[in-house]
Amino acid sequence: MFTSVDDVSARLAETGYLASPAVATTVFLAARLGKPLLVEGPAGVGKTELAKAVAQVADARLVRLQCYEGVDESRALYEWNHAKQLLRISAGRDKSWDEARTDIFSEEFLLPRPLLTAIRGDEPTVLLIDETDKADVEMEGLLLEVLSDFQITVPELGTVTATRRPFVVLTSNAGRELSEALRRRCLFLHIGFPEEELERRIVRLKVPGLPEALAESVVRVVGALRAMDLRKAPSVAETVDWARTLLALGADTLDETVVRDSLGVILKHQDDIQKAAAKLDLDAL
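Residues numbered from 1 in each chain as written. Predicted model: local features only at pLDDT ≥ 70, side-chain atom pairs only at ≥ 80, totals over all residues. Heavy atoms only, no water.

## Overview of helix 13 (residues 256-266)
Since the α-helix packs 3.6 residues into each turn, any two residues three or four apart lie on the same face. Here is the rule we go by: Here the term buried applies to any residue with accessible area under 20% of the maximum for its type, exposed to any over 50%, and partly exposed to those in between, with areas from a 1.4 Å probe on protein chains only. Only DSSP runs of H or I reaching four residues or more are called helices, and only runs of E reaching two or more are called strands; each is numbered from the N terminus. The arc in question is traced by the directions running from the helix axis to the C-beta atoms. Between two residues, a contact is recorded if the distance between any of their heavy atoms is within 4.5 Å. In protein, a polar contact requires one atom able to donate a hydrogen and another able to accept it; more generally it is a pair of N or O atoms within 3.5 Å, and residues adjacent in sequence count only if both atoms are side-chain atoms.
Within the sequence span of helix 13, burial applies to Val258, Val259, Ser262, Leu263 and Ile266. Seen end-on, helix 13 carries its buried residues on one side only, within an arc spanning 155 degrees. In the core, the buried residues of helix 13 are packed alongside helix 11 (212-226), helix 12 (236-249) and helix 14 (270-279). Sitting at the amino-terminal end of helix 13 is Asp255, which places a side-chain oxygen 3.1 Å from the backbone nitrogen of Thr257.

## Focus: the environment of Glu40
Mapped onto the elements, Glu40 comes out in strand 1 (residues 37-40). Through-space distance from the C-alpha of Glu40 to that of Val259 is 30 Å; in sequence the pair is 219 residues apart. Setting aside residues no more than four positions away along its own chain, Glu40 makes contact with Lys47, Ser172, Ala174, Arg183, Phe188, Leu189, His190 and Ile191.

## Remarks on the packing of helix 10 (residues 196-206) against helix 11
Keep this limit in mind: Axis definition: a line fitted to C-alpha atoms, limited for helices to the stretch in contact. Angles are taken between N-to-C directions and run from 0 to 180 degrees. An angle below 35 degrees is treated as roughly parallel, one above 145 as roughly antiparallel, one from 65 to 115 as roughly perpendicular, and anything else as oblique. Each crossing gets its hand from how the near helix is turned against the far one by less than a right angle, where anticlockwise is left-handed and clockwise is right-handed. Note on residue classes: Ala, Val, Leu, Ile, Met, Phe, Trp, Tyr, Cys and Pro are nonpolar, Asp, Glu, Lys and Arg are charged, and everything else, Gly too, is polar.
Put simply, helix 10 and helix 11 touch, their axes get as near as 9 Å, and they point 130 degrees apart. Of the possible angle classes, the one that applies to helix 10 and helix 11 is oblique. Helix 10 and helix 11 meet at a crossing whose hand is right-handed. Residues Glu196, Glu199, Arg200, Val203 and Arg204 of helix 10 pack against Glu212, Ala215, Glu216, Val219, Arg220, Val222 and Arg226 of helix 11. For the contact of helix 10 with helix 11, the per-class residue count stands at four nonpolar, no polar and eight charged.

## Some remarks on the confidence of the model for the protein chain
What counts, and what does not: The quantity called pLDDT is the predictor's confidence in a given residue, expressed from 0 to 100.
Confidence in the prediction of the protein chain, expressed as mean pLDDT, is 92, and 96% of residues score 70 or more. Per-element averaging of pLDDT across the protein chain places helix 6 (residues 97-104) at the bottom with 63 and strand 1 at the top with 98.

## Regarding the layout of surface pockets
Definition in use: A cavity here means a set of 1 Å grid points, computed over protein atoms only, where a 1.4 Å probe fits but cannot escape. A pocket is an open set with protein on both sides within 12 Å along at least 5 of 7 lines, and lining residues have an atom within 4 Å of a point. Grid points are joined across faces, edges and corners, and a volume is the space filled by probe spheres set on the points.
The volume enclosed by the largest pocket comes to roughly 850 Å³. Lining the largest pocket are 39 residues, with Tyr17, Gly44, Val45, Gly46 and Val236 positioned closest to its centre. Of all the elements in the fold, those that place two or more residues in the lining of the largest pocket are helix 2 (21-33), helix 3 (47-57), strand 9 (187-190), helix 10 and helix 12. As a volume, the second largest pocket reaches approximately 200 Å³. Residue lining of the second largest pocket: 14 residues in total, with Met1, Ala31, Arg165, Pro166 and Phe167 positioned closest to the centre. Elements that contribute at least two residues to the lining of the second largest pocket include exactly helix 2 and strand 8 (167-172). A per-class count over the lining of the second largest pocket returns nine nonpolar, two polar and three charged.

## Some words on the packing of aromatic side chains
Short version of the rule: Stacked, edge-to-face and tilted labels apply to pairs of Phe, Tyr and Trp rings (six-membered ring for Trp) whose centres lie within 6.5 Å, assigned for plane angles under 30 degrees, over 60, and everything in between, in that order. Distance and angle both matter: a charge sits over a ring if NZ of Lys or CZ of Arg is within 6 Å of the ring centre and within 35 degrees of the ring normal.
This structure, assessed with the given rule, holds two aromatic pairs. By the ring-pair criterion, three or more aromatic residues cluster together here, those being Tyr78, Trp80 and Phe105. Lying over the aromatic face of Phe109, Lys84 brings its terminal NZ or CZ to 5.6 Å of the ring centre.

## Considering the sheet that holds strand 8
Backbone-to-backbone hydrogen bonds join strands into a sheet, with any given pair of strands oriented parallel or antiparallel. Note the following rule: We treat two strands as partners when DSSP finds at least two bridges between them.
Pairing is parallel in the open sheet, where five strands are placed in the order 2-5-8-1-9. What marks the edges here is a single partner per strand, and that holds for strand 2 (61-66) and strand 9. Strand-to-strand, the axes of this sheet are offset by a mean angle of 20 degrees, without reference to chain direction. Sitting on the sheet, helix 3 is in contact with strand 1, strand 2, strand 5 (125-130), strand 8 and strand 9, with an inclination near 170 degrees to strand 5.

## Quick word on a negative patch on the surface
To be explicit about the condition: By definition, no residue in a patch forms a salt bridge, and every one has over 30% relative accessible area; like charges are joined within 9 Å, nonpolar side chains (Val, Leu, Ile, Met, Phe, Trp, Tyr) within 5 Å. Reported accessibility uses the Shrake-Rupley method at a 1.4 Å probe radius. Residues are deemed covered only where the shown protein chains occlude them. Any carboxyl oxygen of Asp or Glu within 4 Å of a side-chain nitrogen of Lys or Arg constitutes a salt bridge here. Just so you know, the count uses Lys and Arg for positive and Asp and Glu for negative, and it drops His and the chain ends. Throughout, a charge is located at the NZ atom of Lys, the CZ atom of Arg, the CG atom of Asp or the CD atom of Glu.
A grouping of Asp72, Glu73, Glu145 and Asp149 is seen on the molecular surface, where their side chains present a negatively charged patch. Structurally, the position occupied by Asp149 is in helix 8 (residues 137-149).

## Comments concerning the nonpolar core
To keep it simple, the criterion reads: For this analysis, a nonpolar core means a set of buried residues of the types Ala, Val, Leu, Ile, Met, Phe, Trp, Tyr and Cys, connected via side-chain atoms within 4.5 Å.
Counting residues in each nonpolar core, the largest one holds 34 residues, and the members touching the most others are Leu115, Ile129 and Leu170. Those elements that provide at least two residues to this core are strand 2, strand 3 (78-80), helix 7 (114-120), strand 5, helix 8, strand 6 (151-154), strand 8 and helix 9 (180-184). Residue contributions to this core peak at six residues, all from helix 8. Sequence-distant contacts of Leu170, that is, excluding residues within four places in its chain, are made with Pro36, Leu37, Leu38, Val39, Ile129, Thr132, Leu143, Leu147, Leu182 and Cys186. Counting 32 residues, the second largest nonpolar core, distinct from the first, contains Leu198, Leu210, Val259 and Ile273.

Structural data, given as structure tokens:
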């Protein structure tokens with residue numbers, strides 16, 4: 001998939017994803033070693049976008065399993081098309097149960113979900129298991145089985161083994177601690193808030209019409225906000241949104257009026273907005 005760490009950086013940059021050396025190195029190793037990649041960090045720092053960018057540069061199909069509380073095997077692996085099965089049983093009432101059972105538990109009635117879809121594919125595939133920490137602990141057991149052998153057993157049809165292993169990316173916002181067993185099977189990458197220079201490059205790339213001086217001011221102010229004790233620090237995605245907002249407003253510089261009127265773009269809680277309005281000193285930045 002990649003020839004070197006520099007190749008990772010260059011090809012991801014072509015998609016608009018600017019990777020730090022740590023990100024590029026870990027992606028390269030995950031691809032070379034065939035290991036799942038567990039990416040952890042705050043929301044909005046580019047974890048999901050990394051998987052999308054890898055799929056794009058590898059010309060691979062992206063298969064996404066969005067995790068949430070209560071997601072189960074039928075949503076992750078497969079389920080049977082019960083309505084279609086009942087119709088087939090009704091249409092073949094003259095058949096014995098053994099004949100009907102063989103008929104309705106066939107490929108025609110199987111509804112593959114993301115994990116089975118990724119395992120069965122013979123084309124390049126990136127499997128994104130998004131927000132793994134939101135799933136129940138029981139789901140981790142299922143993921144351990146799948147990621148250990150890259151195979152899934154459908155009792156009625158047999159075992160499906162991957163002929164071409166997908167590139168697997170698991171993301172986590174660290175809402176809960178993932179099991180050590182799952183972590184052992186993965187390469188680990190933490191993506192935090194980027195350094196000022198990298199974030200400035202990201203802003204200039206994503207908002208090309210933004211003046212350089214304003215991009216620098218935006219990044220400095222966001223850095224100051226992250227240093228405050230806020231309920232939700234602004235993410236990179238919110239930095240970019242704010243830059244686009246300022247461009248849309250026609251702002252040339254950041255002054256108290258512009259910042260006050262647009263804080264809701266980067267801060268999502270009223271008490272955070274009030275704290276920032278009281279403590280933020282633009283003259284000191």
